[in-house]
Amino acid sequence: MASLVSSPFTLPTTKVDNLSSISQKHYFLHSFLPKKANQNSPKSQLRVKCAAIGNGLFTQTTQEVRRIIPENLNGLPTVKIVYVVLEAQYQSSLSEAIRTLNSTSKVASFEVVGYLVEELRDKNAYESFCKDLEDANIFIGSLIFVEELALKVKAAVEKERDRLDAVLVFPSMPEVMRLNKLGSFSMSQLGQSKSPFFQLFKRKKPSSAGFADSMLKLVRTLPKVLKYLPSDKAQDARLYILSLQFWLGGSPDNLVNFVKMISGSYIPALKGTKMEYSDPVLFLDTGIWHPLAPQMYDDVKEYLNWYETRRDTNEQLKNPDAPVVGLILQRSHIVTGDESHYVAVIMELEARGAKVIPIFAGGLDFSGPVERYLVDPITKKPFVNSVVSLTGFALVGGPARQNHPRAIEALMKLNVPYIVALPLVFQTTEEWLNSTLGLHPIQVALQVALPELDGGMEPIVFSGRDPRTGKVMYYCESKWYNFPEQYYALQSHNCLGKSHALHKRVEQLCTRAIRWGNLTRKTKAEKKVAITVFSFPPDKGNVGTAAYLNVFASIFSVLKDLERDGYNLEGLPESSEALIEDILHDKEAQFSSPNLNIAYKMGVREYQSLTPYANALEENWGKPPGNLNSDGENLLVYGKQYGNVFIGVQPTFGYEGDPMRLLFSKSASPHHGFAAYYSFVEKIFKADAVLHFGTHGSLEFMPGKQVGMSDACFPDSLIGNIPNVYYYAANNPSEATIAKRRSYANTISYLTPPAENAGLYKGLKQLGELISSYQSLKDTGRGQQIVSSIISTAKQCNLDKDVDLPDEGSEISAKERDLVVGKVYSKIMEIESRLLPCGLHVIGEPPSAMEAVATLVNIAALDRPEEGIISLPSILAETVGREIEDIYRGSDKGTLKDVELLRQITLASRGAISSFVEKTTNKKGQVVDVADKLTSILGFGVNEPWVQYLSNTKFYRADREKLRVLFNFLGECLKLVVADNELGSLKQALEGKYVEPGPGGDPIRNPKVLPTGKNIHALDPQAIPTTAALQSAKVVVDRLLERQKADNGGNYPETVALVLWGTDNIKTYGESLAQVMWMIGVRPVADSLGRVNRVETVSLEELGRPRVDVVVNCSGVFRDLFINQMNLLDRAVKMVAELNEPEEMNFVRKHALEQAKELGVDVREAATRIFSNASGSYSSNINLAVENSSWNDEKQLQDMYLSRKSFAFDSDAPGVGMLEKRKVFEMALSTAEATFQNLDSSEISLTDVSHYFDSDPTNLVQNLRKDGKKPNAYIADTTTANAQVRTLSETVRLDARTKLLNPKWYEGMLSSGYEGVREIEKRLTNTVGWSATSGQVDNWVYEEANTTFIKDEEMLNRLMNTNPNSFRKLLQTFLEANGRGYWETSEENIEMLKQLYSEVEDKIEGIDR
């Protein structure tokens, strides 16, 4: 019967009245996009408006659908059972058991009510739960792992525990497990008791996967042992274990006997009555299950024998070469009969010609069954081509504590693509469909973020629930229909609250699983790959944009490698330059053409037939073809095909140049040209895989749900069924995670270019030499004279903006001279030692050992207490009797001897590490076997190269043992830095193999990011902020507030407006998140699993200052990744606003009270401070406006910011998603006295990317403030061990000096050719962005840039000839900076720029002619 659960059916025009066979693939259960009815606009009906419904929570279900009250009591005693579970699979099974008991029992009647743990967030549901417990006899809890809800359950049950006749809690958090009591058996001493029973729990942490599995083993053996023990205690313990057996057995029969056993043994009113019960029916703990098989199998060979002899299969399945898909299932769904969604997936795969091996486990560790049933024990080869987990959980540990290394080990043995699909757990289907957020945040944390750490991909929602009647429904023409009655006749028992398959999603999941599997089955010569490059902003000079990557050189390197490997690349040019020419220039164009090479012209009819969602794009873009990527008749696909590889240019958003569209608060859909590109790749070119090349495109940022998309979401529609491989910068795990979740990408990390110290040049170099002279001659008569030269040179270098300099020639004392020189020295050392990535990375070309030195120096500069490693600067400072922190502080103040000592420490660190690296490399500069070299080096104390180097410095007494530990660690890091697996991993992905997962982030903070070429992931969002992050955050916040006090007449700022970025919080484990908490005076509290879901207030005494109000602008990426933390912050701010404290000590409360009064709302609503974009939208669009020069004035940019960033998250109604609250946003910003952002890693600074100015509200706040005062703007720089808080203008100057104006940087960029010119232009454009949003860019920055790039004729010609399109944009940016009043310069300069502009226009036309 089970097989019929998922049979497709056809729809006559009036109503549903018959089922069809599997072969008729017209309509499916719950098909969201019907294939026949109303073909014209399948998608437009699905634009669901998210309304605030019910209690504003995600879970709108109610316990009443799980309440059964006996109808005729016949004077019998009533037993009342209350249960709380994570998922609803027990609902139908337990309901049926209670109905059976009520119809058959002669001694008692039974009442039951059940709660899903998530429902307890709702105040009314929780009150009802507490009330139900008051007259309950038995409480049952299972899988309660969310701390705040676990504490609610504990509080409610504890009150009634002594009165309750039995409390049974199965695997949950320790706090809830301790509630267990059954007669004399209790777990209140869990973790402390000496009894052997408790030692079991103690040994296995009662929350790990091992705990659940050891309980299963116990369940097998203990009842037999305990049976023969005389004491009551042993009998009670035996009944607890039997209860667990019954519960895990889950079938209605098992649950009937479970309730009989507990009632007969522990309900006082039933003492003396005989309640006979049978032993539990035991199912296999692990095995293979198929709905049509006669039994569960414990042996894969037996299962495959049965499979081969089936008579009901189609011809495709009989083919020995058919694809094979492994499925991972939860046993509890199978034994409770809640398995229709599993059946649907099995039937769909088989209907598509794939064989299935569905394995299950009863515990929380699926790694054993994966190795046992999916890998051939003899050949060690997998039986399957791909694997789909339908549990939604991490492979080892489920919702409890995970063991990712064990999971990765099992998946590496299996070595096939690993997909983790999602059943809806905390929402009904309708709630999910209506939600703009998509999945419930707790489910995102448990079932999306954690499986990603195992290397899981493609979080596709495949099943839902209907809470009201439990009837299976389907979705058609915007309405829900009940399924035909005869369907129910097929059911063995009712399906109240059961899972149901979402067939359109199941179809996509199965197709994608087969497509990934096919990559192992196709030969390389026949495999088709579509490489997609990006162009931001749209311009010929920008084709192939990607962060830190030389895109065309990398593509060329990849293609050459694939060609050697057997892929068909007919006609591939001989060089990367020729490749650029092929793609950039339309060979047929007779005269000036803005067009790239056209690979395909798609007629409108063809486009509409290939693109089922085309109608949904018309609301934003009108009828096709439109005017983007179109010639007026056809849609144009740009790119070039070589054999079986197509290199295409992804169209851009399309609204970059339209200031009115940029003002819309929600982003527009993709345009027709964008959709046509992906239709071409999938359906005309027929790609087996698409490779998105570099960070990043716009597919994953298209509108739709944040996570857990439906087929009405554009990223889902665009990527269709193509396996997606995506090269992503290793230092950007947050946006990589968006690509992973919203475009189903297997993201492979690439290295950022090796870092170097910025060094000194021109006047700065001269200053360094003058300071050296001063130090050796200051006590002679020449001291005063040299200081005068230092002052005048510093002024020529514009350092007078950063350092207070006296007038040249003025008489100053020796002490003051030292201070002036110390401050200038400190500033130029800051510039000299700043790390910058030099040039652009080429895939497959790892850095040489010597290129890795600067990275290692910075790795060595950080203490790593958790690994027992002391930083090199600390070790060196100790030898001269100082602490490194003191030296940092002294140097920051400009104390000359400290500046000099820090300089000596820096040089000694570089020297010691260079000498070490030289020893581990061969003559070609390649790292030879570091392990062998290290062993020989570490064997003899005297010969250690770092010791030899330091013996000639003042640090010769450095602690040998500490140095040895540190250099051992650096040796490991060096191996990782120079390892190369970027090409290897890509080839593995294209061959349909598992790519090992690894964290993304900053290799200096976290060397585990290396080697690159891993399937990049973020982190467990509930694990931040860590304790270490809170410590770092306190330092930065204290420095920020001190700095603001100094600049603000000794007053603390009342409000700070700041930004939270996704990547920064991943790299720093939540430092900026912790900064917000410390400003308002709260601290995070981790639960027993190390997850942060609560905060507590810090007393004013401990804080020692007022609580500072905040306005938090979360990036769209932060919102998607850390919605739980937004929830936490919102709860924290509201909690602080409600504290009964004096207003002058609690600015959050002060402002909330004022705003509540003005807006006529309560204090909690007025204390809304956590803002972001609308769901599915990203950025304020200021960056797009600036990059495309599509803005009129600053007011327009500020309107963009307000309209797009004024969506608030409300922890009181999290299910509603992001709600527009512009008035509150404006009022909160109008109190800001400081704006603040963080820089956390050396390779990304203020002018490297447009994100930073895109989120800067400095000028906006000035316009909103009643007094019109400009707020102070600050940037925290935690890129080195010596954290700094600088003003925005100081940071912009530092950035200009170390990058844009630094020959080391721009020559490094120009060595990459075409891409390098674009990188220079981008820095200048981003500088204009800062002028526009903050007005904090000095005139000399533009003047010096003009001198460097335009007035130098040789440089000018290099730029013009290498990339004329980007050079034209550079000239345009200079003219725009002048035109908008950001740069005052001579008429002569402007005339020259205009002249050059027309020359380069002519040149470009000449090129294209």
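The preceding data block contains the structure.
Notes on the structure in this doc start here.

Procedures and definitions
Residues numbered from 1 in each chain as written. Predicted model: local features only at pLDDT ≥ 70, side-chain atom pairs only at ≥ 80, totals over all residues. Heavy atoms only, no water. Pairing = 2+ DSSP bridges. Helix = DSSP H or I, 4+ residues; strand = E, 2+ residues; numbered from the N terminus. Axes fitted to C-alpha atoms, helices over the stretch in contact; angles between N-to-C directions. Contact = heavy atoms within 4.5 Å. Buried < 20%, exposed > 50% of the residue type's maximum accessible area, 1.4 Å probe, protein only. Phe/Tyr/Trp six-rings, centres within 6.5 Å; stacked < 30°, edge-to-face > 60°. Core = buried A, V, L, I, M, F, W, Y, C linked by side-chain atoms within 4.5 Å. Polar contact = N/O pair within 3.5 Å; in protein donor to acceptor, adjacent residues only side chain to side chain. 1 Å grid on protein atoms, 1.4 Å probe; cavity = no way out; pocket = protein on both sides within 12 Å on 5 of 7 lines; lining within 4 Å. Points joined across faces, edges and corners; volume = space filled by probe spheres on them. Nonpolar A, V, L, I, M, F, W, Y, C, P; charged D, E, K, R; others polar. Lys, Arg positive; Asp, Glu negative; His and termini not counted. Salt bridge = Lys/Arg side-chain N within 4 Å of Asp/Glu carboxyl O.

Okay, the sheet that holds strand 7 (residues 286-288) next. The five strands lie next to each other as 7-9-8-10-11, forming an open sheet whose pairing is mixed. Lying at the two open borders of the sheet, with one neighbouring strand each, are strand 7 and strand 11 (418-420). Neighbour-to-neighbour, the strand axes of the sheet open up by a mean angle of 20 degrees, direction not taken into account. Strand direction decides the pairing type here: strand 8 (residues 324-330) and strand 9 (residues 355-361), joined by seven bridges, are parallel. Its bridge partner being in strand 9, valine 325 is matched across the sheet by valine 356. Along the sheet, helix 13 (residues 367-374) contacts strand 7, strand 8, strand 9 and strand 10 (386-389); its crossing angle with strand 9, the most-contacted strand, is approximately 145 degrees.

A separate point is the environment of proline 1257. With respect to the helices and strands, proline 1257 occurs in the loop between helix 49 (1251-1254) and helix 50 (1258-1264). Taking the relative accessible area as the measure of exposure, proline 1257 reaches 4% and is therefore buried. Discounting residues that sit within four places of it in the chain, proline 1257 has contacts with Ala1057, Tyr1201 and Thr1235.

What follows is about the packing of aromatic side chains. Per the counting criterion, the structure on display carries 37 aromatic pairs. With a centroid separation of 6.3 Å and 40 degrees between ring planes, the pair formed by tyrosine 126 and phenylalanine 129 is classed as tilted. Within this pair, tyrosine 126 and its partner phenylalanine 129 are both found in helix 2 (residues 123-134), separated by three residues, close to a single helical turn. Tyrosine 126 sits in the buried class, given a relative accessible area of 17%. According to the relative accessible area criterion, phenylalanine 129 is buried, its value standing at 0%. Ring plane angle 45 degrees and centroid distance 4.5 Å describe the contact between phenylalanine 1171 and phenylalanine 1225, whose orientation is recorded as tilted.

Let us now look at the nonpolar core. Generally speaking, nonpolar side chains in soluble globular proteins are found buried as a group. Counting 295 residues, the largest nonpolar core has Leu327, Leu390, Leu395, Phe693, Phe1349 and Ile1350 as its most contacted members. With eight residues, the top contributor of residues to this core is helix 43 (residues 1123-1137). If we skip the residues at most four places from it in the chain, leucine 395 touches Ile328, Leu364, Asp365, Phe366, Ser367, Val370, Ala407, Ala410, Leu411, Tyr418 and Asp454. The next biggest cluster of nonpolar side chains, apart from the first, holds 80 residues, and it includes Ala156, Tyr240, Val425 and Leu446.

A few words now on the sheet that holds strand 12 (residues 422-423). Taking strand neighbours across the sheet as the criterion, the three strands line up as 12-13-16 in an open arrangement whose pairing is mixed. Each edge of the open sheet carries a strand with a single partner, namely strand 12 and strand 16 (499-501). Relative to strand 13 (residues 461-465), strand 12 runs parallel, the two being bridged by two bridges. Bridging across to strand 13, proline 423 finds its partner in serine 463. Across the sheet, helix 18 (residues 503-521) touches strand 13 and strand 16, and the angle it forms with strand 13 is around 155 degrees.

Along the chain, the position of asparagine 1259 falls in helix 50. Among the polar contacts made by the side chain of asparagine 1259, one reaches the main-chain carbonyl oxygen of alanine 1332 at a distance of 3.3 Å. Discounting residues that sit within four places of it in the chain, asparagine 1259 has contacts with Glu1194, Gln1198, Lys1270, Ser1331, Ala1332, Thr1333, Ser1334 and Gly1335.

For tryptophan 306, the position within the fold is in helix 9 (residues 300-308). Since its relative accessible area comes to 15%, tryptophan 306 is described here as buried. Along the primary structure tryptophan 306 and alanine 293 are separated by 13 residues, whereas in three dimensions their C-alpha atoms are 7.7 Å apart. Ignoring anything within four residues of it in the chain, the contact list for tryptophan 306 reads His290, Leu292, Ala293, Pro294 and Tyr297.

It is worth spelling out the layout of surface pockets at this point. By volume, the second largest pocket amounts to about 1300 Å³. The wall of the second largest pocket is formed by 45 residues, among which Glu830, Asp892, Asn1282, Gln1284 and Arg1286 lie closest to the centre. Secondary structure elements with two or more residues in the lining of the second largest pocket: helix 29 (814-833), helix 30 (853-860), helix 32 (884-893), helix 33 (896-919), helix 38 (1027-1047) and strand 37 (1284-1287). Of the residues that constitute the lining of the second largest pocket, the class distribution is 14 nonpolar, 13 polar and 18 charged.

We now examine the side chain of lysine 527. With respect to the helices, strands and loops of the structure, lysine 527 is situated in the loop between helix 18 and strand 17 (529-533). Buried charged residue lysine 527 carries no salt bridge. Nearest counter-charge: glutamate 991, at 6.1 Å. Polar contacts involving the side chain of lysine 527 include one to the main-chain carbonyl oxygen of leucine 519, which spans 2.8 Å. Here the side chain of lysine 527 touches leucine 990 through a polar contact of 2.9 Å, landing on its backbone oxygen. The contact partners of lysine 527, leaving out residues within four places of it in the chain, are Leu519, Lys522, Tyr567, Asn644, Asp688, Leu990 and Glu991.

Quick look at the pattern of salt bridges now. What the rule picks out here adds up to 78 salt bridges. Several salt bridges converge on common partners, so that one network encompasses Lys524, Asp561, Arg564, Asp565, Lys987, Glu991 and Lys993.

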